Amino acid sequence: MPRPIVASISISALQHNLAVAKAHAPNARAWGVVKANAYGHGLERAMRGFAAADGLALIEVDYAVRLRELGWTKPILLLEGFFDAADLPLLAAHDIQFAVHCEEQIALLEGFETKAGLHAHLKMNSGMNRLGFKPEAYRAAFERLGRIASIRSVTMMTHFANADDAGNPGLALEEQVKRFNAGTAGLDAPRSLCNSAGDLLHAELAFDWVRPGIMLYGGTPGGGSAADFGLRPAMTLESEIIGVQDIAPGEAVGYGSRFVADKPMKVGVVACGYADGYPRHAPNGTPVVVDGVKTGTVGRVSMDMLAVDLTHIPGARVGSRVLLWGEGLPVDEVAFAAGTIGYELMCALAPRVAVREVA
């Protein structure tokens with residue numbers, strides 16, 4: 001028998017969450033973001049779950065080609081663009097769109113000859129200071145792209161740092177929008193600004209394209225819980241109790257003896273560890289659900305196991321069901337307790353974990 005840990009992926013939840021994203025931006029087209037193997041959910045499953053998307057967006061060139069091989073015929077967008085001149089013939093052959101965020105990429109396009117029509121998404125650095133042209137350099141880059149014979153269209157794009165926290169004193173959303181508008185003034189092209197938080201919280205900025213990511217998988221980008229937005233978890237990670245220990249006051253649990261009992265306790269050992277994608281840094285008390293009862297972890301997470309407090313769950317035994325996150329325990333709640341975000345937990349799901357599809 002395989003280890004009892006399994007991740008269940010709900011195709012209907014993916015479909016539902018995309019419908020929520022589209023409902024928040026009814027006049028925009030939607031890219032379904034499927035980078036990082038669809039946030040750990042699997043590229044093939046996401047392609048079916050997001051069949052109603054207007055396009056799929058990711059960063060991996062080989063995965064973009066794989067989408068075409070799987071039969072995806074709608075647009076595909078590389079959110080970081082191409083990384084080398086050798087990528088360009090591949091993108092042209094498979095009709096893959098791409099972001100352009102630096103002078104070096106434009107120079108490579110100027111030196112590339114193709115009869116295929118290419119579709120570029122020119123990225124502005126409106127304050128996040130990762131990728132993109134500064135507002136004052138944006139027009140020149142736009143015009144330079146327009147002079148390349150193979151470029152069929154240009155979409156104007158930026159990325160919000162704080163759409164979930166619009167008044168952030170480090171960089172207000174309003175300031176990013178102001179910079180974007182200044183840098184694109186007078187340019188006639190489609191606009192693509194909103195990530196998940198923008199889609200959910202700032203419908204006035206949806207414009208021509210939105211790029212929902214984490215919300216499609218049932219996680220929250222901030223600004224409220226996933227349930228508040230009507231989102232459903234697409235990934236549920238479950239395992240079982242594989243051992244039980246009764247310990248006395250003063251006894252410790254796990255590596256480093258980080259947890260010491262202050263009373264008699266019943267401790268369950270779960271077949272899940274950091275090699276499965278569970279966060280090693282999760283502290284004592286990180287929530288789990290055993291046989292439908294919420295409890296918490298005790299001791300340090302090890303490679304293949306973690307321990308949970310069963311003291312107040314007298315019926316728990318070897319074989320008891322353990323919900324680690326998903327339907328019944330939001331991944332964001334677990335992530336918050338562990339000092340991280342739901343994105344990381346989903347993306348960290350290890351290949352050794354069995355995956356099954358559910359409705």
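As the structure is a prediction and not an experimental result, all values here were calculated from the model. (Residues numbered from 1 in each chain as written. Predicted model: local features only at pLDDT ≥ 70, side-chain atom pairs only at ≥ 80, totals over all residues. Heavy atoms only, no water.)

As a further point, take the domain arrangement of the protein. Its domain assignment divides the protein into domain 1 (11-221) and domain 2 (235-357). Between the C-alpha centres of domain 1 and domain 2 the distance comes to 37 Å. With 13 residues of domain 1 at the contact, the number on the domain 2 side is 8 residues. Roughly 930 Å² is buried in total at the junction of domain 1 and domain 2, and carbon and sulfur atoms are behind 60% of that figure. Among the residues domain 1 hides against domain 2, the three largest losses belong to Y39, R45 and I214. Together they make up 41% of the total. Inspection of the domain 1/domain 2 interface yields 2 salt bridges. For the interface between domain 1 and domain 2, the tally reads 2 residue pairs in polar contact (both at pLDDT 80 or more). Counting residues per element, the ones that place at least two in the side of domain 1 that touches domain 2 are α2 (35-39) and α3 (43-49). Looking at side-chain class alone, the side of domain 1 that touches domain 2 contains 6 nonpolar, 5 polar and 2 charged residues. (Domains from an automatic or database assignment. Contact = heavy atoms within 4.5 Å. Buried area = accessible area lost by both parts, 1.4 Å probe. Salt bridge = Lys/Arg side-chain N within 4 Å of Asp/Glu carboxyl O. Polar contact = N/O pair within 3.5 Å; in protein donor to acceptor, adjacent residues only side chain to side chain. Helix = DSSP H or I, 4+ residues; strand = E, 2+ residues; numbered from the N terminus. Nonpolar A, V, L, I, M, F, W, Y, C, P; charged D, E, K, R; others polar.)

Bringing the packing of aromatic side chains into the picture now. This structure, assessed with the given rule, holds 6 aromatic pairs. Look at F50 and Y217: their rings are 5.6 Å apart centre to centre, the planes differ by 75°, and that puts the pair in the edge-to-face class. A residue pair is termed long-range when its members are at least 10 positions apart, and F50 in the loop between α3 and β3 (55-58) and Y217 in the loop between β9 (209-210) and β10 (235-247) qualify at 167 residues. A single burial state applies to F50 and to Y217, both of which are buried. An aromatic cluster is defined as three or more aromatic residues linked by ring pairs; in this entry it consists of Y39, F50, Y217 and Y343. Above the face of the F207 ring, R191 is positioned so that its terminal group lies 3.8 Å from the ring centre. (Phe/Tyr/Trp six-rings, centres within 6.5 Å; stacked < 30°, edge-to-face > 60°. Buried < 20%, exposed > 50% of the residue type's maximum accessible area, 1.4 Å probe, protein only. Lys NZ or Arg CZ within 6 Å of the ring centre and 35° of its normal.)

Quick look at the pairing of β10 now. Inspection of the sheet shows strand β1 (residues 6-10) paired to β10 by 4 bridges, in the antiparallel sense. Counted as the bridge partner of A7 is L237 from β10. Sheet analysis places β10 next to strand β17 (residues 321-325), joined by 4 bridges and oriented antiparallel. Residue pairing for β17: S239 is matched across the bridge by V322. Where β10 lies against strand β13 (residues 265-270), 6 bridges are found, and the strand directions are antiparallel. Following the sheet pairing, G243 is matched in β13 by V269. (Pairing = 2+ DSSP bridges.)

Let's shift gears to the packing of helix α7 (residues 135-146) against helix α8 (residues 173-184). At a minimum axis separation of 8 Å, α7 and α8 run at an interaxial angle of 40°. Between α7 and α8 lies a crossing of right-handed hand. Here P135, Y138 and R139 of α7 come into contact with α8, specifically with R179, G183 and T184. Considering only residue class, the contact of α7 with α8 consists of 2 nonpolar, 2 polar and 2 charged. (Axes fitted to C-alpha atoms, helices over the stretch in contact; angles between N-to-C directions. Left-handed = near helix turned anticlockwise from the far one by under 90°.)

Turning to the pattern of salt bridges, a few remarks are in order. Tallying each qualifying case throughout the model produces 15 salt bridges. Note that K22 is salt-bridged to D54, the shortest N-O span being 3.3 Å. Taken as a pair, K22 in helix α1 (residues 11-24) and D54 in the loop between α3 and β3 lie far apart in primary sequence, 32 residues in all. According to the relative accessible area criterion, D54 is partly exposed, its value standing at 24%. A salt bridge links E110 to R144, with the nearest nitrogen and oxygen atoms 2.7 Å apart. With E110 in helix α6 (residues 103-110) and R144 in helix α7, the pair connects residues that are 34 residues apart, well separated along the chain.

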